[in-house]
Amino acid sequence: APNKFLAKLASDLDKPDGLVVVPADDVAGFLAPLPVGRLWGVGKVADEALAGLGIRTIADLRAYRREALLARFGDHGRHLLELAWGRDDRPVVPDHEAKSIGNETTFSRDIADGAILQAVLDDLVDSVAGRLRRQGLVARTVTLKARYPDFATPTRSLSLPEATDATLVLREAARTLLNDRLGRGGRPLRLVGVTASNLAPAGGGQASLFADPDRERQRTLDGVVDRVQDRFGQVLRRGVGARQGRKPADDQD
């Protein structure tokens, strides 16, 4: 099949060992008769809501008035329309899917100032969230790594209510781990790091059926930041970062 979504869909149609080919010039015809529940992000609740609008097949979804669909479902509706036309620009990783995405920083001197540590952590989360979005992934678990001057290296993890790639949601989780769960007690740190794990394809789970204006604004802002950084590098930050003698490192397992 021409892309990741179509390949996964085709493989599910003829399990366990069948072969389905989706020609690039007949994607629309291949998708049209399939139940709309075959699309990523359409679970039982979404399926029932779409059926209430008379949308039972992927062809029905494509024929429904776009403006009305987006008004009802927001960004989730936009995602479903893209899939309904067979569009999925997520990259294919041929060897393995990432199990986690993380960044960590080792300081040239120990830092005890909580405000500086939080600003550094925010900076790391911004990078991790951007990498999730570029790879079309969302994360359910956030893990904080910290290292003290005596080289003790505790970790703390937090599971989110739903998988996400939103910078502010991931940032709030990381801050909770640093300020409430680590138990630092004012001790200085030599290293801090953040990792996103329990990854899944973006749009692959049960999404909210109704547009959340604040969530839509944050998603739009995340997209602006990503586009600026893709073009110009790390010149735009969500909030104030701190860069005092750091040695950054990226991790992807």
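Basis of the calculations
Position numbers for residues count from 1 along each chain, tracking the sequence in the order it is written. Note on the predicted model: pLDDT of at least 70 is required for a residue's local features to be given, and 80 or more for side-chain atom pairs to be given and counted; whole-chain, interface and lining totals, by contrast, use all residues. Hydrogens and water molecules were not included; the side-chain quantities draw on all heavy atoms of the structure. Each helix is a run of H or I in the DSSP string that is no shorter than four residues. Each strand is a run of E no shorter than two, and both are numbered from the N terminus. In this analysis, two residues are considered to be in contact whenever any of their non-hydrogen atoms come within 4.5 Å of each other. Accessible surface is estimated by sampling points in the Shrake-Rupley manner with a 1.4 Å probe; for residues, cover comes only from the protein chains shown. Basic side-chain nitrogens of Lys or Arg form a salt bridge, by our definition, when they fall within 4 Å of a carboxyl oxygen of Asp or Glu. Only protein chains enter the accessibility calculation, which uses a 1.4 Å probe. A residue is then buried if its area is under 20% of the maximum for its type, exposed if over 50%, and partly exposed in between. The angle between two axes is taken between their N-to-C directions and runs from 0 to 180 degrees, where each axis is a line fitted to C-alpha atoms and a helix contributes only its stretch in contact. In this scheme, roughly parallel covers angles under 35 degrees and roughly antiparallel covers those over 145, while 65 to 115 is roughly perpendicular and the rest are oblique. Each helix crossing is assigned a hand: it is left-handed if the near helix lies turned anticlockwise from the far helix by less than a right angle, otherwise right-handed if that turn is clockwise. The term nonpolar core refers to a set of buried residues drawn from Ala, Val, Leu, Ile, Met, Phe, Trp, Tyr and Cys, joined through side-chain atoms within 4.5 Å. Any residue with an atom within 4 Å of a point lines the site, the site being either a cavity, points on a 1 Å grid over the protein atoms alone where a 1.4 Å probe fits but cannot get out, or a pocket, an open set with protein on both sides within 12 Å along at least 5 of 7 lines. Grid points are joined across faces, edges and corners, and a volume is the space filled by probe spheres set on the points. When residues are sorted by character, Ala, Val, Leu, Ile, Met, Phe, Trp, Tyr, Cys and Pro go into the nonpolar class, Asp, Glu, Lys and Arg into the charged class, and all the rest, Gly among them, into the polar class. For this analysis, a polar contact is any N or O atom pair within 3.5 Å, provided that within protein one partner can donate a hydrogen and the other can accept it, and provided that sequence-adjacent residues contribute only side-chain to side-chain pairs.

I'm lost on the overall build of the chain in this one. Help?
Along its length, the chain carries 9 helices and 5 strands. Going from N to C terminus, the chain has its helices and strands arranged as α-α-α-α-α-α-β-α-β-β-α-β-α-β. Within the chain, contacts between residues separated by at least 24 positions form 73% of all contacts whose residues are at least 6 apart in sequence. When the accessible surface of the chain is totalled, it reaches about 13,200 Å², and 52% of it is carbon and sulfur.

Even after reading the chapter, I still don't get the pattern of salt bridges, so can you show me in this structure?
In a structure, side chains of opposite charge can pair up when their charged atoms sit close to one another. For the coordinates displayed, the defined rule picks out 8 salt bridges. Of the charged contacts, one joins aspartate 75 and arginine 78 as a salt bridge, the two residues approaching to 3.0 Å between their closest N and O atoms. Within this pair, aspartate 75 and its partner arginine 78 are both found in helix α6 (residues 75-84), separated by 3 residues, close to a single helical turn. Classification of arginine 78 by relative accessible area gives partly exposed; the value is 34%. Between glutamate 82 and arginine 87 there is a salt bridge, and its shortest N-O distance comes to 3.2 Å. Accessibility expressed as a relative area gives 43% for arginine 87, which makes it partly exposed. Look at the salt bridges and you will find they share partners, linking Asp122, Asp126, Arg171 and Arg175 into a network.

How do you make sense of the side chain of serine 127 when you look at a structure like this?
Its place among the elements puts serine 127 in helix α7 (residues 114-134). Judged by relative accessible area, serine 127 falls into the buried class, the value being 17%. Excluding anything up to four places from it in sequence, serine 127 contacts Asn103 and Arg134.

Explanation requested: the packing of α7 against helix α8 (residues 167-181) in the structure shown.
Helices that pack against each other are described as a pair by the angle of their axes relative to one another and the distance between those axes. Here α7 crosses α8 at 140 degrees, and the two axes come no closer than 9 Å. By the angle class used here, α7 and α8 are oblique. The interaxial crossing formed by α7 with α8 has right-handed handedness. Contacts between α7 and α8 involve Leu117, Gln118, Leu121, Asp122, Val125, Asp126, Ala129, Leu132 and Arg133 from the first element and Thr167, Leu170, Arg171, Ala174, Arg175, Leu178 and Asn179 from the second.

Would you explain the nonpolar core in this entry?
Side chains of a nonpolar character, in soluble globular proteins, are inclined to be buried together. The biggest cluster of nonpolar side chains holds 30 residues, and the ones touching the most others in it are Leu132, Val142, Leu189 and Val194. Counting only elements with at least two residues in this core, the list comes to β1 (100-111), α7, β2 (137-147), β3 (155-164), α8 and β4 (189-201). Among the elements that take part in this core, α7 stands out by supplying 9 residues, more than any other. Setting aside its immediate chain neighbours within four residues, valine 142 contacts Arg156, Ser157, Leu158, Leu160, Leu170, Ala173, Ala174, Leu177, Val194 and Thr195. Grouped together as the second largest cluster of nonpolar side chains are 25 residues, Phe5, Leu34, Leu50 and Leu61 included.

What is the right way to look at empty space enclosed by the protein in this model?
Rolled over the atoms, a probe sized like a water molecule indicates the empty space that remains. By the definition in use, this model includes 3 cavities of 30 Å³ or more. Around the second largest cavity, the lining residues are Val125, Val128, Val142, Leu170, Val194, Thr195 and Ala196. Of all the secondary-structure elements, those providing two or more residues to the lining of the second largest cavity are α7 and β4. With 3 residues, the single largest contributor to the lining of the second largest cavity is β4. Here the residues of the lining of the second largest cavity sort into 6 nonpolar, 1 polar and no charged.

Would you explain unusual backbone geometry in this entry?
Across the chain, the bulk of peptide bonds are trans and the bulk of non-glycine residues have phi less than zero. In this structure, phenylalanine 151 is a non-glycine residue whose phi angle is positive, near 75 degrees. Following the sequence through the fold, phenylalanine 151 ends up in the loop between β2 and β3. Positive phi, normally seen in glycine, also occurs at asparagine 198, with a value near 50 degrees. In this fold, asparagine 198 is placed in strand β4.

Help me understand the side chain of asparagine 103, please; the structure alone is not making it clear to me.
Within the element layout of this structure, asparagine 103 appears in strand β1. The exposure class assigned to asparagine 103 is buried, which follows from its relative accessible area of 7%. A distance of 2.6 Å separates a polar atom in the side chain of asparagine 103 from a polar atom in the side chain of arginine 131.

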